Amino acid sequence: MKNTFGTRTEINNPNSDTVIKVKDLSKSFKLPTDHSNSLKGSIFNLLRGVKGYKKQQVLKGLDFEVKRGDFLGIVGRNGSGKSTLLKILAGVYYPEQGKVTINGNLIPFIELGVGFNPELTGRENVYLNGSLLGFSNKEMDAMYDEIVKFAELEDFMDQKLKNFSSGMQVRLAFSIAIKAKGDILVLDEILAVGDEAFQTKCNQFFNKIKKDKTKTVVLVTHSMENVRQYCNRAILIDNGTIKINGSPKDVANMYSLENAERYSDNKKDRPKTSEFIKDLKVKLLGSKQPNQKDLVELEISYNVLNDTDTFVGLTLWDINRGQAIMNSNSKHKICTGRGKKTITFKTELPEINDSNIRVNVSIRNQDGIILTYFPDEKSPTIALRRDDYKDISNKTTDAILFRRGDFNVKEN
Amino acid sequence: MTKTPVHGRITTMNIPHIFNKKNRVLLSELTKTDFKLRYQGSVLGYLWALLRPLMMFAILYIVFAKLLRFGNDIPHYPVYLLAGTTIWSFFTECTSQGIQAMVVRGDLIRKISFPKYIVVVSATLTAVINMIINLIVVIIFALINGVEPSWTWLLVPFSLIELYALSLGISFLLGAINVKYRDITSIWDVCIQALFYAVPIIYPVSMVASSSVLAARIILLNPIAQTIQDIRHNLITHETITTWNFIDNHFLQFLPILIIIIILISASFYFRKKSKTFAEDV
């Protein structure tokens, strides 16, 4: 079999604003089926005419560019190919097809503290890690004090790494990552490290680097909070292709919504359903991504096969916070007897912050006992996205209610 | 546009990049780490670098020189034996560390891009350092034993470089295969055992020659035998039988060196070709 490869070139052209250029990039892996990892297995496979591996296409023709000063977020579910993409950018994997051009000095952090050895001292580990990232000892000398200071480990550097707490180790590794002098930083989900004080420091650092127009950052993350906070651009990768390449807001919303649709919880404790209620349908008539002024409209229809009086129970369930936001029902407009029933429901959601909401619908009899319900995995989901946040810090997503109330300040 | 493709960090062994500054620093850091960690946590520490071959020598000396009475016809036989075992341990350590290097350093290869040959070279350099320490011991023993210093001592480094080139070639070739087929480590262990008896370390070549001259000549065509005998010849006694004084055909005399060159060059090409996918396979 012929091995053809794509290319990855490193250039140094300060006049060009494009620091990363990816063109038609594809990558597949050969996943060995059972025994082909041993010589015996390979020979057997050869004799039987079996290939011995399965080809898995991980990236399918990606195209994008990163400009100098960008803070690009790459998001996607597990196994979507984002880490593979990062490894190709970093030069760890070879592109199978297509062209990758890196303009400038790229420092990859696929993992923090690569090559860290517990038997070496903190200082020795810093220099070893530095040499792996391509820095000379002289360059490391220049960065060393800053790294140690940022990690707040001045008193520990001559101790062996095995005597560091795990938090200290991570702090040291992270400090190398962000104090390393490179043009392009490539980071793989390494933001949530250290205690709260350290987090704040990192936060400040990233806000600073965001404004620095000479530094480019590519960040793979699962945290939409990080994407919204730091990135000026984002890419959503799904199943090896770019689904959206756009503003962090769009990408983060899309990602949250997708996940919300995919993961529906509480499948347990399902009540018994009545066989006399059939064809329950719940349809979302309005937008899937309403803002606080849009009307959320639902149409619920079902068929009653016996003489039961029924009404609709409705819950708006906050998927991320895992709690009900609102319960309501149509008990005051009870449906009598058999036949097809169609009920519509309309509301605005002016009070709450951005949320991913699932609409749970149940059909109950006049005593309030559930006869049937619409399954979670089919229930419509709504991604409420307000457009009246004055700025990003105004938006406290862990709170349910949109900010309200007046402060009255009296100064003497 | 200043377009300078930096292949050095991705493809390996592009000659100008082998010894560029980045790679030199990385090589020395990795070697230092290897050496520091080798004897970490042992009471005698670096002393083991000396003690191990000396102990092996003691065993071989008792069994072969004292019990089986080999080498009665060779002057300074104990030192002659020690030199042989020292060079042999260098070869075995060098190759087994080199072959396993890619797997041992798998975590680095999977996460960072750097020329892969550095991993192999750094693993073998530890063996080189150990060998130099041991060679000093050999020289001290030789002087105690009454060996006269000679100008031919200056030729010893050439033989060592030759053997190192062979070890490196084997490490590149088998190391690259070992990334995918871990059987290589076990197969090489067996090869080492077989080679140990195929090379005149514990027995003198004269013993073989006395029953079959042809067999002795074939033994001496092995590059390992050639280098070990050369080192003994130049360091200990000029009475040592070597490829040069035992084989008359000029082409055959140079065959061991030719074998080494062919192995090193083809292994380097193979390693370079395979190194693109090491990160995925390891």
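Bear in mind that the values here come from a model prediction, so they are computed numbers and not experimental data. Each chain has its residues counted from 1, running along the sequence as written. To read the labels, note that chains go from A and ligands from 1, taken in the order they are written. Residues qualify for local features only when their pLDDT is at least 70, as the model is predicted, and side-chain atom pairs are given and counted only at 80 or more; totals for whole chains, interfaces and linings, by contrast, use all residues.

Enquirer: Quick rundown of the overall build of chain A? Include the residues and the values.
Expert: Each helix is a run of H or I in the DSSP string that is no shorter than four residues. Each strand is a run of E no shorter than two, and both are numbered from the N terminus. Tallying secondary structure elements over chain A gives eight helices and 18 strands in all. This radius of gyration counts C-alpha atoms alone. The globule rule is 2.2 Å times how many residues there are, raised to the power 0.38. For 412 residues, the compact-globule estimate of 2.2 N^0.38 gives 22 Å, and the C-alpha radius of gyration of chain A, at 27 Å, exceeds that figure by more than 25%. Principal axes of the C-alpha set define a box for chain A whose edges measure 90 × 85 × 45 Å. For the purpose of contact definition, each residue receives a C-beta atom placed from its backbone, and two residues are in contact when these atoms lie within 7 Å. Of the contacts formed within chain A by residues at least 6 apart in sequence, a portion of 73% connects residues at least 24 apart.

Enquirer: Hey, could you go over the overall build of chain B for me, with residue numbers and the actual values?
Expert: Looking only at helices and strands, chain B features 14 helices and zero strands. Against the 2.2 N^0.38 benchmark of 19 Å for 282 residues, chain B shows a C-alpha radius of gyration of 20 Å, consistent with a compact globule. Along the three orthogonal principal directions, the C-alpha set of chain B runs to about 70 × 50 × 40 Å. Neighbour counting defines burial: a residue surrounded by 20 or more other C-beta atoms within 10 Å of its own C-beta is buried, one with 12 or fewer is exposed, and intermediate counts give partly exposed, using backbone-placed C-beta atoms. Among the 282 residues that make up chain B, the fraction classed as buried is 43%. Taking the intrachain contacts of chain B between residues at least 6 apart in sequence as the baseline, contacts between residues at least 24 apart amount to 77%.

Enquirer: Go over the nonpolar core, please, and point to the residues and values.
Expert: The term nonpolar core refers to a set of buried Ala, Val, Leu, Ile, Met, Phe, Trp, Tyr and Cys residues connected through C-beta atoms within 7 Å. Counting 137 residues, the largest nonpolar core has Leu72(A) and Val186(A) as its most contacted members. Residue contributions to this core peak at 13 residues, all from helix α4 (residues 77–104) of chain B. Non-local contacts of Val186(A), meaning those with residues more than four positions away in its chain, are made with Leu86(A), Leu89(A), Ala90(A), Leu106(A), Ile107(A), Pro108(A), Phe109(A) and Val218(A). Within the second largest apolar cluster, 15 residues are counted, among which are Leu298(A), Val304(A), Val312(A) and Ile363(A).

Enquirer: Tell me about the packing of helix α6 (residues 117–144) of chain B against helix α7 (residues 156–180) of chain B, and name the residues and values.
Expert: Residues and elements named next belong to chain B. In the contact formed by α6 and α7, the axes pass within 11 Å of each other and the chain directions differ by 140°. Between α6 and α7 lies a crossing of right-handed hand. Of the residues in α7, those touching α6 at Val120, Thr124 and Val128 are Tyr164, Ser167, Leu168, Ser171, Phe172 and Gly175. Each residue is assigned to one class: nonpolar for Ala, Val, Leu, Ile, Met, Phe, Trp, Tyr, Cys and Pro, charged for Asp, Glu, Lys and Arg, and polar for all the others, Gly among them. Considering only residue class, the contact of α6 with α7 consists of five nonpolar, four polar and no charged. Orientation is described by axes fitted as lines to C-alpha atoms, over the contacting stretch for helices, and by angles from 0 to 180 degrees between their N-to-C directions. Crossing handedness is read from the near helix: turned anticlockwise from the far helix by less than a right angle, it gives a left-handed crossing, and turned clockwise, a right-handed one.

Enquirer: Lay out the domain arrangement of chain A with the relevant residues and their values.
Expert: All names here are of chain A. What the domain assignment reports for chain A is domain 1 (69–94 + 105–259) and domain 2 (277–394). Reported domain spans reflect what an automatic or database domain assignment gives. A separation of 42 Å is found between the C-alpha centroids of domain 1 and domain 2. The partner domain 2 presents six residues to the five residues of domain 1 that form the contact. Elements with a contribution of two residues or more to the side of domain 1 that touches domain 2: α7 (224–230) and α8 (248–262).

Enquirer: Pulling in residues and values, what's your account of unusual backbone geometry?
Expert: Unlike most non-glycine residues, Asp279(A) shows phi in positive territory, near 55°. The topology assignment puts Asp279(A) in strand β11 (residues 277–284). Despite not being glycine, Arg69(B) has its phi angle at roughly 55°, a positive value. Along the chain, Arg69(B) falls in the loop between α3 (47–67) and α4. Classification of Arg69(B) as exposed rests on a count of 8 C-beta atoms within 10 Å.

Enquirer: Can you tell me about the pairing of strand β13 (residues 310–318) of chain A, naming the residues and giving the values?
Expert: Residue and element names in this part refer to chain A. Strand pairing is assigned whenever DSSP identifies at least 2 bridges connecting the two strands. Across nine bridges, the pairing between β13 and strand β16 (residues 355–365) is antiparallel. Of the residues in β16, the one forming a bridge with Val312 is Ile363. Note: β13 against strand β14 (residues 323–329), six bridges, orientation antiparallel. Within the sheet, the bridge partner assigned to Asp318 lies in β14 and is Gln323.

Enquirer: Summarise the sheet that holds strand β15 (residues 339–348) of chain A; cite the residues concerned and give the values.
Expert: Residues and elements named next belong to chain A. Strands sit in the order β11-β12-β15 across an open sheet of three strands; the sheet is antiparallel. Strands with a single pairing partner mark the edges of an open sheet, and in this sheet they are β11 and β15. Sheet twist, expressed as the average angle between the axes of neighbouring strands with direction ignored, equals 15°. Sheet analysis places β11 next to strand β12 (residues 295–304), joined by six bridges and oriented antiparallel.

Enquirer: Describe the interface of chain A and chain B, naming the residues involved and giving the relevant values.
Expert: In this assembly, 31 residues from chain A lie in contact with 28 residues from chain B. Listing elements by their share of the side of chain A that touches chain B, those giving two or more residues are β1 (7–11), α1 (39–48) and α3 (122–132) of chain A. Its residues placed into classes, the side of chain A that touches chain B shows 15 nonpolar, twelve polar and four charged.

Enquirer: I'd like a rundown of the sheet that holds strand β9 (residues 233–238) of chain A, residues and numbers included.
Expert: Residues and elements named next belong to chain A. Strand order in the open sheet formed by six strands is β6-β7-β8-β4-β9-β10, and the pairing between neighbours is mixed. Across the chains shown, the open sheet's two edge strands, defined by having one partner strand only, are β6 (106–109) and β10 (241–246). Shown here is a sheet whose adjacent strand axes are inclined to one another by a mean of 15°, direction ignored. Two elements, strand β4 (residues 71–75) and β9, share four bridges in a ladder whose sense is parallel.

Enquirer: Which residues make up helix α13 (residues 250–274) of chain B, and what values do they have?
Expert: Residue and element names in this part refer to chain B. Between its first and last C-alpha, α13 extends 36 Å over 25 residues, near the 36 Å set by a 1.5 Å rise per residue. At Pro256, α13 shows its maximal bend, which comes to roughly 40°. Those residues of α13 that fall on the buried side of the exposure criterion are Pro256, Ile260, Ala267, Phe271 and Lys274. Here the buried face of α13 lies against α6, α7, α11 (223–235), α12 (243–246) and α14 (278–281). Expected helix span is given by 1.5 Å per residue-to-residue step, counting one fewer step than there are residues. What we call the bend at a residue is the angle made by axes fitted to the seven residues finishing there and the seven residues starting there.

Enquirer: Go over the confidence of the model for chain A with me, naming the residues and quoting the values.
Expert: Atom-level detail of predicted coordinates should not be read off regions where pLDDT is low. Confidence scores labelled pLDDT are given residue by residue by the predictor and lie between 0 and 100. Averaged over all residues, the pLDDT of chain A equals 83, while 90% of them reach at least 70. Here residues 264–269 of chain A is modelled with pLDDT under 50, and outside its nearest four sequence neighbours on either side it reaches five contacts, counting other chains as well.

Enquirer: Account for the environment of Leu155(B), naming residues and giving values.
Expert: Counting through the fold element by element, Leu155(B) comes out in the loop between α6 and α7. For Leu155(B) and Leu235(B), which are 80 residues apart along the polypeptide, the C-alpha to C-alpha distance reads 8.6 Å.

Enquirer: Mind laying out the environment of Phe311(A), listing which residues take part and the relevant values?
Expert: All names here are of chain A. Take Phe311: it is sitting in strand β13. Given 20 C-beta atoms within a 10 Å radius, Phe311 is considered buried. Apart from the residues lying within four places of it in its own chain, the contact partners of Phe311 are Asn329, Ser330, Lys331, Ile334, Cys335 and Arg364.

Enquirer: Can you break down the environment of Met102(B) residue by residue, with the values?
Expert: All names here are of chain B. Of note, Met102 is situated in helix α4. Judged by local crowding, Met102 falls into the buried class, with 28 C-beta atoms found within 10 Å. Measuring from C-alpha to C-alpha, the distance between Met102 and Val179 comes to 6.6 Å, with 77 residues separating the pair along the chain. If we skip the residues at most four places from it in the chain, Met102 touches Ile109, Lys116, Val119, Val120, Gly175, Asn178, Val179, Phe278 and Val282.

Enquirer: Explain the packing of α3(A) against helix α4 (residues 137–151) of chain A to me, using residue names and the numbers behind them.
Expert: Residue and element names in this part refer to chain A. It is at 10 Å that the axes of α3 and α4 come closest, and there the two elements cross at 130°. Classified by the interaxial angle, the pair formed by α3 and α4 is oblique. As α3 runs across α4, the sense of the crossing is right-handed. Here Val126, Tyr127 and Gly130 of α3 lie close against α4, whose contacting residues are Asn137, Met140, Tyr144 and Ile147. Any angle from 65 to 115 degrees is called roughly perpendicular, while one under 35 is roughly parallel, one over 145 is roughly antiparallel, and all others are oblique.

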